[in-house]
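# Residue-level structural notes
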Amino acid sequence: MWFDKQVLFPRVLRSLFWTIVIQESYLSLSFLLLKIVAWNPVLGFLDWLFYLIHWKTIVYRSILCLTTIVFGVFNKRFYSAEKHICSTRLEKISRALSPRHVQHFVITMLLGGLASHCCIKLFQVFDPEKQSFLSSFLILENDFEHMFVVQHGCYTAIMFNLKYFICFLYIVKFHVNQESKMLQIKRQAFDLFKDSVICVLKGLHWFYILSVFLGLLFENQLISLGIKSSESESYFSFLHSLINLKLFLVTFITGVIIFFNWSLYLIIFNVFVAERHVFPIEIPVKSDKSKSLSAALGNSESDILKYLAVLDLRLLSQQDEERRKQIFTISHPGGHPHQWKAVADFCISSLKQFVAKLQEYSVVAAAAKEPKMNYNK
């Protein structure tokens with residue numbers, strides 16, 4: 001389909017590019033601040049430059065960027081402009097357990113674990129000799145802590161997916177007021193970070209509770225993997241190892257990074273995809289007729305294409321006088337207003353569908369409010 005290749009795919013690439021740029025920028029600034037706090041402004045800045053060009057830093061940050069890219073690519077198939085509301089619980093369960101959703105959960109869970117592993121390695125490269133006081137808060141010391149953080153990364157990915165599907169984050173939102181992309185991203189950045197922190201704290205709370213009850217299972221898993229740690233010799237030592245400020249901080253920071261990166265991509269993707277696309281009204285004879293505004297309005301294959309056409313029609317009717325004239329042109333020969341007829345038919349059919357759905361929902365709501373008859377008299 002021409003829309004996927006010429007419009008949607010380039011916008012996905014641009015959204016991924018700017019997501020990676022913003023991700024690398026805020027991570028670099030964060031590590032710069034940590035270097036300055038650990039040392040002093042001059043030595044911290046010089047050490048930060050050497051840290052950026054270190055081969056381990058480049059490798060792990062590249063893998064972290066790759067996890068964001070893979071997440072964006074796999075989420076492309078779920079994007080929609082219309083919300084699907086399940087009518088029964090059985091439909092909700094069958095939809096949630098469909099092979100496509102299960103595959104999505106498994107892939108993102110692996111991506112979350114890989115992203116958390118990269119964050120751990122970046123913290124270790126931050127101060128490999130452990131000379132600064134921050135190393136006692138960021139660098140993990142044994143395999144148990146490492147596995148705990150990686151498991152929390154997988155858990156964070158699952159929590160993000162639950163929010164993704166329950167809160168309909170895959171819905172593309174279109175706005176009539178076409179603001180600049182940077183302004184839209186800046187306006188939502190702080191709320192996005194705050195939401196990431198709150199969601200990770202809530203998820204971390206339940207993850208610690210699960211860890212307490214599943215401590216024996218974790219211990220057996222460590223033994224089966226051949227990992228020997230002095231802190232995992234018994235269940236009580238396992239509980240004692242959980243009460244660790246460093247482990248909590250690293251787990252929390254990695255969870256926020258994963259949640260924020262993926263949420264940031266969703267916002268940037270929505271900003272780029274919802275950008276206005278100007279559809280041609282009059283198409284030459286030998287050109288593709290499906291690219292015209294009238295054909296896009298009647299398209300049933302892609303709801304995003306249809307909504308972009310509606311947005312273009314709305315803005316056209318308000319701002320573009322020259323293109324409005326093209327809608328009312330008549331064909332030669334014949335003198336038929338084909339463009340106007342197509343637009344009018346679409347508007348009338350949309351109103352009829354809206355009225356039909358409104359009547360259907362009103363009947364269901366009225367039936368739900370009717371008092372149940374009492375047969376036990």
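Residues numbered from 1 in each chain as written. Predicted model: local features only at pLDDT ≥ 70, side-chain atom pairs only at ≥ 80, totals over all residues. Heavy atoms only, no water.

For the rest of this paragraph, the subject is the packing of aromatic side chains. What the rule picks out here adds up to 28 aromatic pairs. Ring centres of F31 and F123 lie 6.2 Å apart, and the angle between their planes is 55°; this geometry places the pair in the tilted category. Taken as a pair, F31 in helix α1 (residues 2-38) and F123 in helix α5 (residues 99-126) lie far apart in primary sequence, 92 residues in all. Considering the side-chain rings of F105 and F165, the 6.0 Å spacing of their centres and the 25° angle between planes classify their relative orientation as stacked. Of the two residues, F105 is situated in helix α5 and F165 in helix α7 (residues 143-166); the sequence distance between them amounts to 60 residues. Three or more aromatic residues joined by ring pairs make a cluster, and in this case those are F71, F78, Y79, F105, F160, Y164, F165, Y170, F259, W262, Y265 and F269. (Phe/Tyr/Trp six-rings, centres within 6.5 Å; stacked < 30°, edge-to-face > 60°. Helix = DSSP H or I, 4+ residues; strand = E, 2+ residues; numbered from the N terminus.)

Moving on: empty space enclosed by the protein. Leftover empty space is mapped by rolling, across the atoms, a probe with the size of a water molecule. As enumerated under the stated definition, the model contains three cavities of 30 Å³ or more in all. Put simply, the largest cavity is a space of about 50 Å³. Lining the largest cavity are H152, Y155, T156, M159, C199, V200, G203, L204 and F259. Those elements that place two or more of their residues in the lining of the largest cavity are α7 and α8 (181-213). (1 Å grid on protein atoms, 1.4 Å probe; cavity = no way out; pocket = protein on both sides within 12 Å on 5 of 7 lines; lining within 4 Å. Points joined across faces, edges and corners; volume = space filled by probe spheres on them.)

Within the UniProt annotation, "transmembrane region" (unreviewed entry) is assigned to residues 12-38, 58-74, 105-126, 146-172, 206-227 and 247-273. The straight-line gap between the two end C-alpha atoms of residues 58-74 is 24 Å; of that span, 100% is helix and 0% is strand. The straight-line gap between the two end C-alpha atoms of residues 247-273 is 39 Å; of that span, 100% is helix and 0% is strand. (UniProt positions renumbered as here; feature names shortened; annotations may be inferred.)

For the rest of this paragraph, the subject is helix α11 (residues 245-273). Over its 29 residues, α11 runs 42 Å from end to end, which matches the ideal 42 Å to within 8%, given 1.5 Å per residue. When you tally the buried positions in α11, you get 25 out of 29 residues, the bulk of the element. Taking the backbone nitrogen of K246 as reference, a side-chain oxygen 3.1 Å away marks N244 as the first, capping residue of α11. (Expected span 1.5 Å × (residues − 1). Buried < 20%, exposed > 50% of the residue type's maximum accessible area, 1.4 Å probe, protein only. Polar contact = N/O pair within 3.5 Å; in protein donor to acceptor, adjacent residues only side chain to side chain.)

What follows deals with the state of the cysteines. Applying the stated rule across the entire model yields zero disulfides. Cysteine C118 is unpaired, with the sulfur of C119 as its nearest cysteine sulfur at 7.0 Å. (Disulfide = S-S within 2.5 Å.)

Now for the packing of α5 against α11. α11 packs onto α5 with a crossing angle of 125° between their chain directions and a minimal axis gap of 10 Å. Taken together, the axis directions place α5 and α11 in an arrangement best described as oblique. Crossing hand, α5 versus α11: right-handed. Contacts between α5 and α11 involve T108, L111, G112, A115, S116, C119 and F123 from the first element and V250, I253, T254, I257, I258 and W262 from the second. Classifying every residue of the contact of α5 with α11 gives nine nonpolar, four polar and no charged. (Axes fitted to C-alpha atoms, helices over the stretch in contact; angles between N-to-C directions. Parallel < 35°, antiparallel > 145°, perpendicular 65-115°, else oblique. Left-handed = near helix turned anticlockwise from the far one by under 90°. Contact = heavy atoms within 4.5 Å. Nonpolar A, V, L, I, M, F, W, Y, C, P; charged D, E, K, R; others polar.)

Looking now at the pattern of salt bridges. Summed over the entire model, instances satisfying the criterion amount to eight salt bridges. E24 is paired through a salt bridge with R61; the nearest N and O atoms lie 2.9 Å apart. Of this pair, E24 sits in helix α1 while R61 sits in helix α3 (residues 55-75), and the two are 37 residues apart along the sequence. Assessed through its relative accessible area of 5%, R61 is described here as buried. A salt bridge links K163 to D195, with the shortest nitrogen-to-oxygen separation between them at 2.4 Å. (Salt bridge = Lys/Arg side-chain N within 4 Å of Asp/Glu carboxyl O.)

Turning our attention to the side chain of T68. Here T68 shows up in helix α3. According to the relative accessible area criterion, T68 is buried, its value standing at 1%. The contact partners of T68, leaving out residues within four places of it in the chain, are L16, T19, I20, Q23, N261 and W262.

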